[in-house]
Amino acid sequence: MSKNGFGQLYRKLSSKMLDLVVTPHVLGDVPTEVPAPATDQQAQKKVVCYVLQNHSRSNALVVDGETRRLNLPAALDPMQLGASTEKASVLFLQQQDDSNLLSSPPHTFPPRLLRLIEALEKNPELDIELIPVTVLWGRDPEKEDSWFKLLFTDTWSTPSKMKQLVNIGLHGRQSYLEFHETQSLRALVEHAQQTHPNLSPATYIISTLNDYLDAQREVVLGPDLSDRRNVMQGLIKSPDVQAAIRNESIRSKISVDQAEHRAIGYLNEIVSDYSHSTVRFADKALTRLWTQLYDGVEVHNFSTVRELAKDYEIVYTPCHRSHIDYLLLSYVIYRRGLMVPYIAAGDNLNMPFVGQILRGGGAFFIRRTFRGNALYTTVFKEYLYSVLSRNTPLEYFIEGGRSRTGRLLPPKTGMLAMTVHSHLRGKSKPIVFVPTYIGYERLMEGATYVGEMSGKPKEAESIFGLVKTLRKIERVFGKVHLNFGEPVFLDAQTAWRRGHQN
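Each chain has its residues counted from 1, following the order in which its sequence is written. The predicted origin of the model limits local features to residues at a pLDDT of at least 70 and limits the giving and counting of side-chain atom pairs to 80 or more, whereas totals for whole chains, interfaces and linings rest on all residues. Side-chain numbers come from the whole structure's heavy atoms, not from hydrogens or water.

Student: An account of the overall build of the protein is requested, with residue identities and associated values reported.
Tutor: Numbered from the N terminus, helices here are DSSP runs of H or I no shorter than four residues, and strands are runs of E no shorter than two. For the protein, the helix and strand inventory stands at 19 helices and 16 strands. For the protein, the residues scored as buried account for 47% of the 502 residues in total. Should any heavy atoms of two residues lie within 4.5 Å, those residues are counted as being in contact. Partitioning the contacts of the protein with sequence separation of at least 6, the portion at a separation of at least 24 is 76%. Accessible surface is estimated by sampling points in the Shrake-Rupley manner with a 1.4 Å probe; for residues, cover comes only from the protein chains shown. As presented, the protein carries roughly 26000 Å² of accessible surface, and 56% of it is formed by carbon and sulfur atoms. Relative accessibility decides the category of a residue: with a 1.4 Å probe and only protein chains considered, values under 20% of the type maximum give buried, values over 50% give exposed, and everything between is partly exposed.

Student: Describe the pairing of strand β11 (residues 342-346), and please don't skip the residues or the numbers.
Tutor: The buried fraction of β11 is high, at 5 of 5 residues. Of the two faces of β11, the one holding Tyr342, Ala344 and Gly346 and the one holding Ile343 and Ala345 are both buried throughout. Bridge count between β11 and strand β12 (residues 363-366): 4 bridges; the pairing is parallel. The partner of Gly346 across the bridge, within β12, is Ile366. The handedness of the β11 to β12 crossover, carried by helix α14 (residues 354-360), is right-handed. When DSSP locates at least two bridges between a pair of strands, those strands are taken to pair. Orient the strands so they point away from the viewer, and a crossover whose first-strand-to-second-strand path over the helix runs clockwise is right-handed.

Student: Go over the pattern of salt bridges with me, naming the residues and quoting the values.
Tutor: Opposite charge on two side chains lets them pair, provided their charged atoms get close. Should a side-chain nitrogen of Lys or Arg be within 4 Å of a carboxyl oxygen of Asp or Glu, the pair is scored as a salt bridge. A complete count under the given rule lists 15 salt bridges for this structure. A salt bridge links Glu129 to Lys46; the shortest N-O distance between them is 3.7 Å. With Glu129 in strand β6 (residues 127-137) and Lys46 in strand β2 (residues 46-54), this pair connects stretches of sequence that are 83 residues apart. You can call Glu129 buried: its relative accessible area is 12%. Glu307 serves as the salt-bridge partner of Lys310, at 3.5 Å between the closest nitrogen and oxygen. Taken together, the shared-partner salt bridges in this structure form one network comprising Asp64, Arg68 and Asp77.

Student: How would you summarise the packing of helix α15 (residues 374-389) against helix α16 (residues 414-425) if you had to cite specific residues and measurements?
Tutor: It is the contact of α15 with α16, at a shortest axis distance of 9 Å, that shows an interaxial angle of 60°. When the axes of α15 and α16 are compared, the pair comes out oblique. Crossing geometry of α15 relative to α16 is assigned as right-handed. Together, Phe380, Lys381, Glu382, Leu384, Tyr385 and Leu388 of α15 and Met415, Met418, Thr419, Ser422 and Arg425 of α16 make up the contact between the two elements. Residues belonging to the contact of α15 with α16 are distributed by class as follows: 6 nonpolar, 2 polar and 3 charged. Angular values range over 0 to 180 degrees, each being the angle between N-to-C directions of two axes fitted as lines to C-alpha atoms, with helices fitted over their stretch in contact. Oblique is the label for every angle not falling under 35 degrees (roughly parallel), over 145 degrees (roughly antiparallel), or within 65 to 115 degrees (roughly perpendicular). Here is the rule for handedness: rotate from the far helix to the near one, and if that takes an anticlockwise turn smaller than a right angle the crossing is left-handed, while a clockwise turn gives right-handed. Note that Gly is not counted as nonpolar here; it falls among the polar residues with everything else outside the nonpolar set of Ala, Val, Leu, Ile, Met, Phe, Trp, Tyr, Cys and Pro and the charged set of Asp, Glu, Lys and Arg.

Student: Report on the nonpolar core, specifying residues and quantitative values.
Tutor: Nine residue types can take part in a nonpolar core, namely buried Ala, Val, Leu, Ile, Met, Phe, Trp, Tyr and Cys, and a core is a set of them joined through side-chain atoms within 4.5 Å. In this structure, Tyr342, Phe364, Val379, Phe380, Tyr383, Leu394 and Met415 are the most contacted members of the largest nonpolar core, which totals 39 residues. Mapped by element, the contributors of at least two residues to this core are α8 (228-236), α9 (239-252), α10 (256-270), β11, β12, α15, α16 and β14 (431-440). Per-element tally for this core: the top contributor is α15, with 8 residues. Residues contacting Phe364, with those up to four places away along its chain left out, are Ile270, Val271, Ser272, Tyr342, Ile343, Ala344, Ala345, Phe380, Tyr383 and Leu394. Core analysis: the second largest hydrophobic core is formed by 30 residues, Tyr312, Cys319, Val434 and Leu482 among them.

Student: Tell me about the confidence of the model for the protein, and name the residues and values.
Tutor: Every residue carries a pLDDT, the predictor's confidence in it, which falls somewhere between 0 and 100. Mean pLDDT for the protein: 78, with 71% of residues reaching 70 or above. For the protein, helix α4 (residues 147-152) is the element with the lowest average pLDDT, namely 43, and α9 is the one with the highest, namely 95. The low-confidence segment residues 493-498, where pLDDT is below 50, has 6 contacts with residues more than four positions distant or belonging to other chains.

Student: Can you lay out the packing of helix α3 (residues 111-122) against helix α6 (residues 185-195) for me, pointing to particular residues and giving the numbers?
Tutor: The axes of two packed helices give the description: the angle between them and the distance between them. The interhelical angle for the contact between α3 and α6, taken along N-to-C directions, is 90°, at an axis separation of 10 Å. Taken together, α3 and α6 sit at an angle that is classed as roughly perpendicular. Residues Leu113, Leu116, Ile117 and Leu120 of α3 touch α6, and the partners they reach there are Leu185, Arg186 and Val189. Here the residues of the contact of α3 with α6 sort into 6 nonpolar, no polar and 1 charged.

This is the structure:
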């Protein structure tokens, strides 16, 4: 058997084994405008090459299996480049030995990339269509204080061979694959030569594609987050918070240490503690809940949100009629492949046990009023700025509380003003607000609202009230309609450009 024949047999056997444990979920759109295979009589003008960020045979096999299933040019089929041939149509941006910082040789370019660029020089009629691909085993932003997540879940770090094997075993049914927008290699080379004449085209291309795939990875995983303790330590040391601590010391006639402990207490009260395990647990629990509670959830215009997430910091601004609102919205966003937003929740929900679960799902807590408490105001503003500066999607109800009548309430502009202020301090991404309508045929809290409108006092949130609500789970409340509305851009110039492009 020839070496090439043995390689094909190895690929087929490996693919069969992966198929037993791996069922990748394809996110987003699948490429459609790709060149057809060349005929014997006609030279191929364009060829396809799939771009993966890290060297991984298992990832390449997964991409190969999906491209064959979707009738796309197969990732592990040979790539014909004029007179030369590449063994596979896959390009790894990072080489296999780059993770070994002690023994790896000086940085070298991927040999296949150099050969592709050389092929373009020799064949002026040829172009290579690069299709960046994201492959994820699980969807967990890295948590430095969790050894289990570091070992057994796909994060921002490049997995070792052993970790990748464990990823396949544990998360084979929770693997995700996304094909991104096709890019012309010839156009990238020409742009590099025009704009960066002192750099080799390979340097520019690797940097550009790495940045692009990092941005796409962030859309699904969220930003590369540190653990809650490190976030709080960074916030307490920020210049604005330190200045507020000194002012609090003077105003309240307490020591600086006492004022700092007060600020730390506020942070403990506010800061989220996002946990992927909590989100996955909620995903399974809510799937069963919606089945029992509602006749169906109809979602409209989510494709717009998916496109915005690639380039914008999204702030979801839903109407607020039920406690189900934030659970349903986060569930829909997560199930469709985007990171759940961090949610501004009233401190009345920071109850024992319940509050910790909500924090794990991305909730951070806010007091109903900041009036008269300059230190709390500064601490909260600094935390909100840190959330936005890390490109974390955000959600808050601009009505403040829940509507008891079904009508929209007048907006409370506090969170909106702080969002604009954070944006002006220093933006990493432009901000877009996504108004979101959530309509119920029947509300779980309907009977309570009728009582309040009849003169009964409003019931405070409590564990007992939650138990009473859970007793209604077996009742059917009709359909729910979730509609993502026309986006509102904070940057007027961005909105103007989009309007004129359309």
